[in-house]
Amino acid sequence: MLNFTSKFGAFFISASLLTTSFPVQHTYAFESSSMNQQEDITNSYIVVFHSRIDEDLIKQFGGTISSKLQSINALSVSLTKNAALELVQYPTVKFIEQDKQVVMEEQRIDPKIYELNYPKPEELRTDSYYTGKEIKVGILDTGIDTAHVDLSVSGGISFVPGQPSYNDDNGHGTHVAGIIAAQNNDIGIQGLAPNVQLYSIKVLDEEGLGQYSQIIDGIEWATQQGLDIVNLSLTGKESSYALKLAVDEAYKKGLYIIAASGNHSNNTFSEDQSVYYPAKYESVIAVGAVDPFNKHPKFSGSGPELELVAPGVDVYSTYMNNSYETLTGTSMATPYVTAIYALYKEAYPFLTTAELRNKIQQRAKDLGAVGRDVNFGFGLIQAPELPDTTPPTKPENVSYKLSSNGKVTLMWTASYDKSPIIGYNVYRNGEKVKNLLYGFQLNDTVKPGLYKYELSAVDEFGNESQKSVIEVKVLFSDVPTSKWYSEYVYDLNARNIVGGYPDGRFYPEKQILRGEAITMIGRALKLDGSLKATDFPDVTETYFASGYIAEMARNKQVTGYPDGSFKPNHTITRAEVVTLLNRAFALKTQDTSTKIFSDVTTNLYAYEAIQKFATASIANGYEDGTFHPNKPVTRAEMTVFLSKTIKESN
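What counts and how
- Residues numbered from 1 in each chain as written.
- Predicted model: local features only at pLDDT ≥ 70, side-chain atom pairs only at ≥ 80, totals over all residues.
- Heavy atoms only, no water.
- Helix = DSSP H or I, 4+ residues; strand = E, 2+ residues; numbered from the N terminus.
- Buried < 20%, exposed > 50% of the residue type's maximum accessible area, 1.4 Å probe, protein only.
- Areas by Shrake-Rupley, 256 points an atom, 1.4 Å probe, with all protein chains shown as cover.
- Pairing = 2+ DSSP bridges.
- Axes fitted to C-alpha atoms, helices over the stretch in contact; angles between N-to-C directions.
- Phe/Tyr/Trp six-rings, centres within 6.5 Å; stacked < 30°, edge-to-face > 60°.
- Parallel < 35°, antiparallel > 145°, perpendicular 65-115°, else oblique.
- Left-handed = near helix turned anticlockwise from the far one by under 90°.
- Contact = heavy atoms within 4.5 Å.
- Nonpolar A, V, L, I, M, F, W, Y, C, P; charged D, E, K, R; others polar.
- Expected span 1.5 Å × (residues − 1).
- Core = buried A, V, L, I, M, F, W, Y, C linked by side-chain atoms within 4.5 Å.

Peer 1: Looking at this structure, how should I read the overall build of the chain?
Peer 2: Within the chain, the regular secondary structure consists of 14 helices and 26 strands. Across the 650 residues of the chain, 54% fall into the buried class. Counting every atom, the chain has about 29000 Å² of accessible surface; 48% of that belongs to carbon and sulfur.

Below, the structure is given as structure tokens:
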């Protein structure tokens, strides 16, 4: 275990948190070792601000900034004692505390304990096939021996001044890492969660020395990197408000912080044997040790904050230089809990932070007094159960109702299964739009169109049920489903190719412009529609369709007029639309039969395109045998042409 102690004594400066209507009071507490400190000796402090970090203020007092502790609005600084006493008076400063140093303390116990047949790590997970896959675990310690053949380190960082490498030069961190993640190979040992992604977060030097600010730095880094769990096999006898703020903030963001309760000499609970910091904080999982007989060893910290216990006596694990060592202490118990937390995180991927923590507490093997007690907490941590791979039943009685402005309310009845249902997945047109953790109703606001909603239940093991399906029609006010073109209008609307107007209407009989038609085809082709310059003098970069016109011109799918213009705001004809579609899409069917239209001669530029799209029943003629190639196309006709083409294309 690593024990926080103060190298120069405990010098603490705090500003009481009072309302602005009262004067700020300050408390100064000194231990005897600090009473004779010289006023001008430079010490390390953590300066916490009420809101904005003020680096200039530190510099005004001759201070040196070591690092920013962003999550708690603080700085790690070097200041003289006099400067610190003056700085705490500033209203922007919330409080200042001495950045206490860290020193390593190895605990050895009676020789009888070394002779005991201590349970091997894998015995805790005999019935578990979880390995911690894809779970990110950080070790805040002396580093990890990255060259050890039994360990695989995914990355890391060092917050030890002057030591950029996160490699271990002490051994303690490597021992902790092996308990968690020693590889499943033919050598050495196997950790409880060998497939976790292991990160070395070095906060202690080769002598086991460090500072609170380095611990805070490590926790902040773990949160920023998206780690799931951090292991702190280290303790401090003194509280730190800055450290508490940091662990509380990290826990809110979903980081599990698992810390040793501490090593002591007494074997009965007393204030002197209480849980140390940071394990004492509510947001941290406090871990104690048990001996091979599941008894409370005399060294293990006790107290009402204790949450779980794990083996901590005569633990064999990896060490520096490809070696292995046997160590004892709550430092060894803590990584057992960290590893099993990783197994639970893998087993129950959809549980919230609080739900997973509660499940682990409930599954712990009760030891000592019935229920939670000061020596064992909730009890000996247990590996998760084997997963039930039977998918849950799907949601039933799915229905919906429509409100104004495109609001769809989906409703269904709950699924009932052996394994608890922890949520429902909602899909719209094949894409997941929501993972609903609670409730049996969902509000979704959509544009007019045809939508297929699918709902599935998810149990606590992550098994997903079959999907229940319901189709929803959200209509334009002027496009009833009885119209010949309505199916195609709603198809393109659902594909985000065409939309309506702000008044909720579609205006199907409105003639479509060349720029509008090109935009629809460009969206269907998924071209880059961002505004850009074109080669046409009448299509400026700011024109809404400039991107699609430029892209299709570059692909030779569209051309301008002989005078070099494009005429984007002119109406587009039936012959022009069919020609564009023929250039842009390849149809599945290639019928070579000929359609006879009285107004379409073989020398018409669009003749072949009209023949191809007419035989594919995409662009049909009129009852009188004409095609009307020069007739302007309406919005309704354009949606029919394009929707049919998309469905018939490769």
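Peer 1: Please explain the sheet that holds strand β21 (residues 407-413) as it appears in this structure.
Peer 2: Remark on secondary structure: sheet strands pair via backbone hydrogen bonds, oriented parallel or antiparallel. Across the sheet, which stays open at both edges, the three strands sit in the order β20-β21-β24 with antiparallel pairing between neighbours. Where the open sheet ends on each side, the last strands, each with one partner, are β20 (396-402) and β24 (441-445). Across the sheet, the axes of successive neighbouring strands diverge by a mean angle of 20°, strand direction being ignored. Examined bridge by bridge, β20 and β21 share five bridges and lie antiparallel to one another. Across the sheet, lysine 401 pairs through a bridge with threonine 409, a residue of β21.

Peer 1: Sorry, what's going on with the packing of aromatic side chains here?
Peer 2: In this description, an aromatic ring pair is defined by two values, namely the gap between the centres and the angle between the planes. If you walk through the whole model with that rule in mind, you get 16 aromatic pairs. Considering the side-chain rings of tyrosine 424 and phenylalanine 440, the 5.9 Å spacing of their centres and the 75° angle between planes classify their relative orientation as edge-to-face. Highlighted residues: tyrosine 424 in strand β22 (residues 421-428) and phenylalanine 440 in the loop between β23 (431-436) and β24, separated in sequence by 16 residues. By relative accessible area, which is 41% here, phenylalanine 440 ends up partly exposed. Here the aromatic rings of tryptophan 484 and tyrosine 485 are separated by 5.1 Å at their centres, their planes lie at 85°, and the arrangement is edge-to-face.

Peer 1: Looking at this structure, how should I read the packing of helix α7 (residues 330-347) against helix α8 (residues 353-363)?
Peer 2: Packed helix pairs are characterised by how far apart their axes lie and by the angle those axes make with each other. For the pair α7 and α8, interaxial distance at closest approach is 11 Å and the crossing angle is 120°. Classified by the angle between their axes, α7 and α8 sit oblique to one another. Note on packing geometry: the crossing formed by α7 with α8 is right-handed. Contacts between α7 and α8 pair Tyr341, Tyr344 and Lys345 from the former with Leu356, Arg357, Lys359, Ile360 and Arg363 from the latter. Residues of the contact of α7 with α8, tallied by class, amount to four nonpolar, no polar and four charged.

Peer 1: Explain the sheet that holds strand β25 (residues 449-459) here, please?
Peer 2: Read across the sheet, four strands follow the order β23-β22-β25-β26 without closing on themselves; strand pairing throughout is antiparallel. The outermost strands of the open sheet, each flanked by one partner alone, are β23 and β26 (468-474). Between one strand axis and the next, the sheet turns by 25° as a mean value, whatever way the strands run. The sheet contact formed by β25 and β26 spans seven bridges and is antiparallel. Looking across to β26, one finds that tyrosine 453 is bridged to isoleucine 470.

Peer 1: I would appreciate a short explanation of unusual backbone geometry in the present structure.
Peer 2: Cis rather than trans, the peptide bond between tyrosine 277 and proline 278 has omega equal to 5°. Looking at where proline 278 falls in the secondary structure, it is placed in the loop between β15 (256-260) and β16 (284-290). A positive phi is found at aspartate 314, a non-glycine position, where the angle reads about 55°. Relative to the helices and strands, aspartate 314 resides in the loop between β17 (308-311) and β18 (315-319). Taking the relative accessible area as the measure of exposure, aspartate 314 reaches 16% and is therefore buried. Residues other than glycine seldom take positive phi values, yet lysine 526 does so here, at roughly 60°. Looking at the secondary structure, you find lysine 526 in the loop between α10 (514-524) and α11 (546-554). Residue classification places lysine 526 among the exposed positions, given a relative accessible area of 73%.

Peer 1: For this particular structure, what's the right way to read the packing of α10 against helix α14 (residues 635-648)?
Peer 2: The contact between α10 and α14 brings their axes to 11 Å, and the two run at 20°. The angle between α10 and α14 falls in the class roughly parallel. Handedness of the α10/α14 crossing: right-handed. On α14, the residues touching Ala517, Met520, Ile521 and Ala524 of α10 are Met638, Thr639, Leu642 and Ile646. The residue inventory of the contact of α10 with α14, partitioned by class, reads seven nonpolar, one polar and no charged.

Peer 1: Explain α14 here, please?
Peer 2: Helical periodicity: at 3.6 residues per turn, an α-helix aligns residues three or four positions apart in one direction. Over its 14 residues, α14 runs 20 Å from end to end, which matches the ideal 20 Å to within 8%, given 1.5 Å per residue. All of the buried residues in α14 are Arg635, Ala636, Glu637, Met638, Thr639, Val640, Phe641, Leu642, Ser643, Lys644, Thr645 and Ile646. For α14, the elements touching its buried residues are α9 (486-494), α10, α12 (574-584) and α13 (607-615).

Peer 1: What is the right way to read the nonpolar core from this model?
Peer 2: Burial of nonpolar side chains together is a common tendency in soluble globular proteins. Ile521 and Leu642 are the most contacted members of the largest nonpolar core, which has 53 residues in total. Breaking this core down by element, the ones donating at least two residues are α9, α10, α11, α12, α13 and α14. Those residues in contact with isoleucine 521 that sit more than four places away from it in its chain are Met552, Leu580, Leu581, Ala584, Phe585, Met638 and Leu642. The next biggest cluster of nonpolar side chains, apart from the first, holds 47 residues, and it includes Tyr130, Val196, Ala339 and Ile422.

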